[in-house]
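Secondary and tertiary structure notes
These are the residues of each chain, in order.
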Amino acid sequence: MSNINLEKLPKHIAIIMDGNGRWAKKRALNRIYGHENGIDSVREVVRTSREIGISYLTLYAFSEENWKRPKHEVDALMNLLKSFLKNELDEMLENGIRFQTIGRSGKLPEDVQRLLSDTSDKTSQNKDMVLNLALSYGGRQEILDAFQKIFMRVESRVLRPEEITEQTISDSLYTTGIPDPDLLIRTSGEYRISNFLLWQIAYTEIYITPTLWPDFRKEEYLAAIKEFQKRERRFGASEAE
Ligand code: FPP
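The text that follows walks through the structure, step by step, so that each part is easy to find.

Conventions and cut-offs
Residues numbered from 1 in each chain as written. Predicted model: local features only at pLDDT ≥ 70, side-chain atom pairs only at ≥ 80, totals over all residues. Heavy atoms only, no water. Helix = DSSP H or I, 4+ residues; strand = E, 2+ residues; numbered from the N terminus. Buried < 20%, exposed > 50% of the residue type's maximum accessible area, 1.4 Å probe, protein only. Contact = heavy atoms within 4.5 Å. Lys, Arg positive; Asp, Glu negative; His and termini not counted. Charge placed at Lys NZ, Arg CZ, Asp CG, Glu CD. Salt bridge = Lys/Arg side-chain N within 4 Å of Asp/Glu carboxyl O. Near = heavy atom within 4 Å. Polar contact = N/O pair within 3.5 Å; in protein donor to acceptor, adjacent residues only side chain to side chain. Areas by Shrake-Rupley, 256 points an atom, 1.4 Å probe, with all protein chains shown as cover. 1 Å grid on protein atoms, 1.4 Å probe; cavity = no way out; pocket = protein on both sides within 12 Å on 5 of 7 lines; lining within 4 Å. Sits in = over half its atoms within 2 Å of the grid points. Nonpolar A, V, L, I, M, F, W, Y, C, P; charged D, E, K, R; others polar. Phe/Tyr/Trp six-rings, centres within 6.5 Å; stacked < 30°, edge-to-face > 60°. Lys NZ or Arg CZ within 6 Å of the ring centre and 35° of its normal.

**Considerations on the overall build of the chain**
- For the chain, the count of helices and strands is seven helices and six strands.
- Along the chain, helices (α) and strands (β) appear in the sequence β-α-α-β-α-β-α-β-α-α-β-β-α when read from the amino end.
- On the principal axes, the C-alpha backbone points of the chain span a range of 55 × 55 × 35 Å.
- Among the 241 residues that make up the chain, the fraction classed as buried is 47%.
- Look at the contacts in the chain between residues 6 or more apart in sequence, and 78% of them connect residues 24 or more apart.
- Each charge class in the chain can be summarised by its mean position, and for the 35 positive and 37 negative side chains these summaries are 3 Å apart.

This is the structure we're talking about:
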């Protein structure tokens, strides 16, 4: 498939999907159209990931900071999320995709929460790929929540402070059980992390493209993976002799 080395795939790809608003603005359309077209990119990236054999895909669909957007935009994003979940359930079931979320989902509207847990439950036995949506997600909030969990274990004497390791922290994050991302993609040309997976991306390769999210489709997704495959990952060690 377009020269992708299937032996050297990233196991976990995380994506900051940015530029929906600018995509709409360029066409003198309402921002909501940008989000609607962004859904087609989501669908294409999920399908392609499954086709080539990516094990984990994490998409930044709604950040903690996104709550500050006007109510009509937040409502539109929630409605898009609901129709995405309803429309994609069959395909997730057919393709062995397990759905899950990370973030403070308790802040989401109740009908969205119900649909999210329904989708997670119905797909929980699927084993071929994990589609992980970050919703009401913030990296610092995630670390803060982990800190509180760990502190409670220390307070109840289940854990001694000197026993806390990096693994204890990783295991206390929302991403428990998911390996750290190998590749982080950000669209729309911003050189920022925007509070995404702060702990988990310590050694992640980063690919930034000027393409706006609604235009980010299969071809460029595969190009990002190919670029990843050219890089030499050293995890802080020196070059191999
Ligand atoms: C950034 O565009 C994108 C988001 C706010 C989140 C991404 C949301 C989608 C792709 C649609 C919903 C997703 C799912 C999975 C149902 P922006 O509005 O910040 O763009 P701008 O920076 O150009 O204004």
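**Comments concerning the pattern of salt bridges**
- This structure, assessed with the given rule, holds 20 salt bridges.
- For R31, the salt bridge is made with E73, and the minimal N-O distance between the two is 3.1 Å. In this pair, R31 is assigned in helix 2 (residues 31–52) and E73 in helix 3 (residues 71–94), connecting sequence segments 42 residues apart.
- Residues D40 and R43 are paired through a salt bridge, measuring 3.0 Å at the closest nitrogen-oxygen approach. Placement of the pair is D40 and R43 together in helix 2, with a separation of three residues, close to one helical turn.
- Residue classification places D40 among the partly exposed residues on the basis of a relative accessible area of 30%.
- Shared partners join several salt bridges into a network, and the residues in it are D18, R22, R186, E190 and R192.

**Let's talk about the site of the ligand**
- What surrounds the ligand is a group of 15 residues, the closest being D18, G21, R22, R31 and R69.
- Contact between the ligand and D18: an oxygen atom at 3.0 Å from a side-chain N or O atom of the residue.
- Between the ligand and G21, the relevant distance is 2.9 Å, taken from an oxygen atom to a main-chain nitrogen or oxygen of the residue.
- Out of a free accessible area of 620 Å², the ligand has 91% covered by protein chains.
- More than half of the atoms belonging to the ligand lie within 2 Å of the grid points that define the largest pocket.
- Of the residues in the shell around the ligand, the class split is six nonpolar, five polar and four charged.

**Digging into the environment of K71**
- Mapped onto the elements, K71 comes out in helix 3.
- The class of K71 is exposed, set by a relative accessible area of 61%.
- Along the sequence, K71 and I206 sit 135 residues apart, while their C-alpha atoms lie 32 Å from each other.
- A polar contact of 2.7 Å, which involves the side chain of K71, links it to the side chain of D75.

**Focus on the packing of aromatic side chains**
- Scanning all chains against the criterion turns up eight aromatic pairs.
- Here the aromatic rings of Y137 and Y174 are separated by 6.0 Å at their centres, their planes lie at 75°, and the arrangement is edge-to-face. With a gap of 37 residues between them, Y137 in strand 4 (residues 129–137) and Y174 in the loop between helix 6 (166–172) and strand 5 (183–186) connect regions that are remote in the sequence.
- Connected via pairs of aromatic rings, a cluster forms that spans Y60, Y137, Y174 and F196.
- Directly above the aromatic system of W23 lies the positively charged group of R27, at a separation of 3.9 Å from the ring centroid.

Just distances and angles here, no functional claims.
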